[in-house]
Amino acid sequence: MVKVTSDSKYMDLLNEYPLLKTDLVRLNPKFTFLVTQMGKISLWEANLEEVSLRAEMNVDETVNLFQNLIDSY
């Protein structure tokens, strides 16, 4: 089981769990930018803290969302 933290790299999680991309957008439209070409480029090295800022969400909420999705796979 993966432990997701605010320091977890978005692209590392996406590479390990490709369903995250569509599931995140389905659960929260604020993550739509993650699946755009510009989003992939600008967030290549981003951690979840940076992703949460882009999604205008609390860091803990973002981490929990990622963790819950990963745990469901």
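Structural data are supplied above this passage.
Conventions and cut-offs
Residues numbered from 1 in each chain as written. Predicted model: local features only at pLDDT ≥ 70, side-chain atom pairs only at ≥ 80, totals over all residues. Heavy atoms only, no water. Salt bridge = Lys/Arg side-chain N within 4 Å of Asp/Glu carboxyl O. Helix = DSSP H or I, 4+ residues; strand = E, 2+ residues; numbered from the N terminus. Buried < 20%, exposed > 50% of the residue type's maximum accessible area, 1.4 Å probe, protein only. Phe/Tyr/Trp six-rings, centres within 6.5 Å; stacked < 30°, edge-to-face > 60°.

Chemist: Teacher, can you tell me more about the pattern of salt bridges here?
Modeler: Any two side chains of opposite charge can pair if their charged atoms end up close together. All chains considered together, the criterion is met by one salt bridge. Residue aspartate 23 is joined to arginine 26 by a salt bridge in which the shortest nitrogen-to-oxygen separation is 3.3 Å. Separated by three residues within a single helix, aspartate 23 and arginine 26 lie in helix α2 (residues 20-27), roughly one turn from each other.

Chemist: In this structure, what is going on with the environment of asparagine 28? I would like to understand it.
Modeler: Along the chain, asparagine 28 falls in the loop between α2 and α3 (37-42). By relative accessible area, asparagine 28 is classed as buried at 16%. Separated by 37 residues in the primary sequence, asparagine 28 and leucine 65 place their C-alpha atoms 9.6 Å from one another.

Chemist: Mind showing me how you'd approach unusual backbone geometry here?
Modeler: Trans is the prevailing form of peptide bonds, just as negative phi is the prevailing case for residues other than glycine. A positive phi angle, near 55 degrees, is found at glutamate 56, a position not held by glycine. Within the element layout of this structure, glutamate 56 appears in the loop between α4 (48-54) and α5 (59-72).

Chemist: Help me out: how do you make sense of the packing of aromatic side chains in this one?
Modeler: Each aromatic ring pair is specified by the distance between its two centres and by the angle formed by the two planes. Applying the stated rule across the entire model yields three aromatic pairs. Here tyrosine 17 and tyrosine 73 contribute two aromatic rings whose centre-to-centre distance is 6.1 Å and whose plane-to-plane angle is 25 degrees, an arrangement assigned as stacked. Residue tyrosine 17 is located in the loop between α1 (10-16) and α2, and its partner tyrosine 73 is located in the segment after α5; the two are separated by 56 residues in the primary sequence. With a centroid separation of 6.2 Å and 75 degrees between ring planes, the pair formed by phenylalanine 31 and phenylalanine 66 is classed as edge-to-face. Placement of the pair is phenylalanine 31 in the loop between α2 and α3 and phenylalanine 66 in helix α5, with a sequence separation of 35 residues.

Chemist: Explain the side chain of asparagine 47 to me, please; I cannot follow it from the model alone.
Modeler: With respect to the helices, strands and loops of the structure, asparagine 47 is situated in the loop between α3 and α4. Judged by relative accessible area, which is 13%, asparagine 47 ranks as buried.

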